[in-house]
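Architecture at a glance
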Amino acid sequence: MRTPRVRLGAGLLAALLLTTPTAAAGTHETDPPPPTTPVTSHTNGAPISITLITGDTVLLRQGPDGLLLAGFTSPPHRRGTGYHQETHQGRLVVIPDDARRAVISGTLDERFFDLTGLVEQGLTDDHQDSLRIILDEPADGPRAFAAPEVAEHTQSFPDLGLRGLEIAHEDLPTFWQDLEGGDGPSVLSAQDDTRVLLDGRVRATLDQSRDLVGASEAWDAGHTGDGVTVAVLDTGYDTGHPDLDGRVVAAENFSDAEDVQDRRGHGTHVAATIAGTGAASDGRYAGVAPGADLVVAKVLDDQGQGWTTDVIAGAEWAVEQGADILNLSL
């Protein structure tokens, strides 16, 4: 019998670890096509650079209809590696040949090679000097992959069979060789359900007002949220906001920020929308469920961004606090 990670895999992980559709068969090439436009995404004219999990580097230019591949280079021991390129639903996907089988089988997350998605997340070389991944392994069996020294552990969720790792770009060629097996069996071709997933960037999004969900009608029927605990996984909360005075029963910081204080405003907005008392407006702007208790997990930093593994850690903590509902406006 598998562990409770199956429930998370069907719910929370399905939301957090979404992958784009697998690229269909297309052209195969070892030399990048010439760019069709001189327009780039950098004001100094330089192309965008992204280091892949394989250690290869792609260069991109911005064309009139999306990103264009401007270059593909490999470490010395990988020179001559071919790759598959496709624009799928407006997204540029480039997969090295030795990674394609693992992507098609679902062992390797295609988001590692969705260049449009990586740019949207800010996972380009000018913003990040490392890559974060999640190993999804059977929680009730031995680990199929012993992470090499070049990989730094970020988070660990033994009950879910999940491990977070961070690898510097310069160490990715070595890390990829270890994934492929080195002198032993390849994790990417293992038959034990091990998956290698992108630890993607997440960011805050806004919510809708209480009137759109019929809160007044619910109150008239006696439903105010009394006795319910709601977890807010967001940018923290304003510890001095009158609308949240007495509503937050537990708070914890899982982000890169220094504390749970909300310096972005989004988490405070979400928390007050859920269970704010409306004290600052004489009740006019009370939340949807003003009788509910709140537990706040700060999983997004002061810029409103975070990592998938931080969200998972906050979710586990929230459940331990007795949360009945988890809100992720991200």
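Before reading on, note that the structure itself is shown above.
**Quick word on the side chain of Arg-201**
- Tracing the backbone shows Arg-201 in strand E11 (residues 201-203).
- Asp-301 provides the closest opposite charge to the buried, salt-bridge-free Arg-201, at an N-O distance of 4.5 Å.
- At 3.1 Å, the side chain of Arg-201 and the side chain of Gln-305 are in polar contact.
- In this view, Arg-201 contacts Gln-121, Leu-123, Asp-301, Gln-305, Gly-306 and Trp-307; residues no more than four positions away in its chain are not counted.

**Notes on the nonpolar core**
- In terms of nonpolar packing, the biggest core is built from 39 residues, with Ile-53, Leu-108, Phe-112, Phe-113, Leu-115, Ile-133 and Val-196 touching the most fellow members.
- Those residues in contact with Ile-133 that lie beyond four places of it in its chain are Ile-53, Phe-112, Arg-163, Gly-164, Leu-165, Ile-167, Phe-175, Val-196, Leu-197 and Asp-199.
- Judged by nonpolar contacts, the second largest core, of 21 residues, contains Ala-231, Phe-254, Val-295 and Ala-323.

**Examining the sheet that holds strand E9 (residues 162-168)**
- Reading across from one edge, E8-E9-E7-E10 is the order of the 4 strands in this open sheet, with antiparallel pairing throughout. The open sheet has two edge strands, strand E8 (151-157) and strand E10 (195-198), and neither has a second partner. Each strand axis lies, on average, 25° off the axis of its neighbour in the sheet, ignoring direction.
- Here strand E7 (residues 130-136) runs beside E9; their pairing, made up of 7 bridges, is antiparallel. Following the sheet pairing, Asp-136 is matched in E9 by Leu-162.
- Contacting E7, E8 and E9, helix H8 (residues 308-320) runs over the sheet at an angle of about 30° to E8.

**Section: H8**
- With 13 residues, H8 extends 19 Å from end C-alpha to end C-alpha; this agrees with the ideal 18 Å at 1.5 Å per step.
- With 10 of 13 residues buried, H8 lies mostly within the body of the structure.
- Of all the residues in H8, the buried ones are Thr-308, Thr-309, Asp-310, Val-311, Ile-312, Ala-313, Gly-314, Ala-315, Trp-317 and Ala-318.
- Positive backbone phi, approximately 90°, marks Gly-322, located one or two places after H8.

Parameters and conventions
Residues numbered from 1 in each chain as written. Predicted model: local features only at pLDDT ≥ 70, side-chain atom pairs only at ≥ 80, totals over all residues. Heavy atoms only, no water. Helix = DSSP H or I, 4+ residues; strand = E, 2+ residues; numbered from the N terminus. Buried < 20%, exposed > 50% of the residue type's maximum accessible area, 1.4 Å probe, protein only. Lys, Arg positive; Asp, Glu negative; His and termini not counted. Salt bridge = Lys/Arg side-chain N within 4 Å of Asp/Glu carboxyl O. Polar contact = N/O pair within 3.5 Å; in protein donor to acceptor, adjacent residues only side chain to side chain. Contact = heavy atoms within 4.5 Å. Core = buried A, V, L, I, M, F, W, Y, C linked by side-chain atoms within 4.5 Å. Pairing = 2+ DSSP bridges. Axes fitted to C-alpha atoms, helices over the stretch in contact; angles between N-to-C directions. Expected span 1.5 Å × (residues − 1).

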